[in-house]
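Here is how the chains run, residue by residue.
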Amino acid sequence: PDGMRVLSYAMRRSRAEELIASTVACGFDPRGLLACGGAAARLVAATPSLARARADGAVAVIDLGHERTDVAVVASGKAVFSRSIARAGRRVTEALARQFQLAWPDAERVKHSDGFIASAAEPATSEAWQRIHQVTVAEVAPLARDLRQTLAACRARTGFSPVAVLLIGGGARLRGLPAYLGEQLALPTWRLSPDDVTAIAGPRLAGDAGALAALDAAALTVGMALDAAGGRPLFDLRSGDLAVKVDRKSVV
């Protein structure tokens, strides 16, 4: 009598066909086309530092990429809410390029090497850091506002309020960002630790700082691999007319 809530994903057919064709051109016929909800659920389940948060309630996975930020809220092993925000690391790069009159590649390098956003927990310790903070906060503050609205929408529509935030993606490398977003969202916020990455990807990467950093940025991709590994991903957009045609000829 109270009904039920279902989380689903949709994509333009032309976009799905484009993705499938690009993968076929690389020599592989993809059997699935996965969405971020399943990947986030698998990632939360596989991350050791989230054990307490998983037990206490829902976890928000925020994947801060280049063009967009994907948010997935996971509760009891399932994705219960998902939203994409058209604001991400690219805007920070553009702001640095404008402010300091840098070429795009140089602005990207500066973002990753010297980018910084201050917070009460991690204040700017010099005038130089304060100047960089003023540039970055002009772009990150609107993102924080959109994230607050997203988590409020999750609470209103599903009843789930995240108790913690896992921050992943290349844009999450901005120095000071976990502390800043933690204060803005009023939630404990952190990135994957080296121990987390080793547990998720295996011991062969232990001690390889470069590989650990790269895998941290691609954590949602790892989550998709975990989602696909069981043979029954939680969300697969390759269905209907786009479903893989299986040859069912009997073998004698």
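Report on the accompanying structure. As the structure is a computational prediction, the values presented were derived from the model and not from experiment.

Taken across its seven residues, strand S1 (residues 58-64) has seven buried, putting it largely inside the fold. Both S1 and strand S4 (residues 162-168) contribute to a ladder of six bridges, which runs parallel. Looking at the pairing, Ala58 lines up with Pro162 of S4. Here S1 runs beside strand S2 (residues 69-75); their pairing, made up of six bridges, is antiparallel.

Time to look at the packing of aromatic side chains. All told, the structure shown has two aromatic pairs when counted by the stated rule. Here the aromatic rings of Tyr9 and Phe235 are separated by 5.0 Å at their centres, their planes lie at 80 degrees, and the arrangement is edge-to-face. Taken together, the positions of Tyr9 in the segment before helix H1 (13-25) and Phe235 in the segment after helix H10 (219-229) put the pair 226 residues apart, joining distant regions of the chain. Exposure remark for Tyr9: the relative accessible area of 23% places this residue in the partly exposed category. For Phe235, a relative accessible area of 15% corresponds to the buried category.

Right, let's get into the environment of Val165. Residue placement: Val165 occurs in strand S4. A C-alpha to C-alpha distance of 5.9 Å links Val165 and Val61, two positions 104 residues apart in sequence. Not counting residues within four places of it along the chain, the set of residues in contact with Val165 comprises Ala60, Ile62, Leu185, Leu187, Pro188, Thr189 and Trp190.

On to the pairing of S2, then. Looking down a regular strand, the side chains alternate between one sheet face and the other. Here S2 lies mainly inside the structure; seven of its seven residues are buried. Counting the residues that bridge the hairpin from S1 to S2 gives four residues. Where S2 hands over to strand S3 (residues 78-85), the hairpin turn is made up of two residues, of which Ser76 adopts a positive phi near 55 degrees.

Listed in full, the buried residues belonging to H10 are Ala219, Leu220, Val222, Gly223 and Asp227. Seen along its axis, H10 keeps its buried residues to an arc of 155 degrees; they face one direction. Those residues of H10 that are exposed and aimed more than 90 degrees away from the buried face are Thr221 and Ala229. Check the buried side of H10 and you find it contacts helix H2 (36-46), S1, S4, helix H8 (194-201) and helix H9 (209-217). In the stretch just after H10, Gly231 is the one whose phi turns positive, near 85 degrees.

Attention now goes to the nonpolar core. Val73, Leu147 and Leu177 are the most contacted members of the largest nonpolar core, which has 34 residues in total. Residue assignment for this core shows that the elements contributing at least two residues are S1, S2, S3, helix H4 (89-100), helix H6 (127-158), S4 and helix H7 (177-185). No other element matches the eight residues that H6 contributes to this core. Once residues within four sequence positions are removed from consideration, Leu177 is found in contact with Leu64, Ile117, Val140, Leu167, Gly171 and Ala172.

As a further point, take the state of the cysteines. On inspection of all chains with the given rule, the structure shows zero disulfides. Cys154 provides the cysteine sulfur closest to Cys36, a residue in no disulfide bond, and the two sulfurs are 13 Å apart. Cys36 gets classed as buried once you look at its relative accessible area, which sits at 12%.

This next bit is on unusual backbone geometry. For Ser76, which is not glycine, the phi dihedral falls at a positive 55 degrees. Relative to the elements of secondary structure, Ser76 occurs in the loop between S2 and S3. Ser76 gets classed as exposed once you look at its relative accessible area, which sits at 75%.

Thresholds applied
Residues numbered from 1 in each chain as written. Predicted model: local features only at pLDDT ≥ 70, side-chain atom pairs only at ≥ 80, totals over all residues. Heavy atoms only, no water. Buried < 20%, exposed > 50% of the residue type's maximum accessible area, 1.4 Å probe, protein only. Helix = DSSP H or I, 4+ residues; strand = E, 2+ residues; numbered from the N terminus. Pairing = 2+ DSSP bridges. Phe/Tyr/Trp six-rings, centres within 6.5 Å; stacked < 30°, edge-to-face > 60°. Contact = heavy atoms within 4.5 Å. Arc of directions from axis to C-beta. Core = buried A, V, L, I, M, F, W, Y, C linked by side-chain atoms within 4.5 Å. Disulfide = S-S within 2.5 Å.

Any functional reading would require information beyond the geometric quantities listed.
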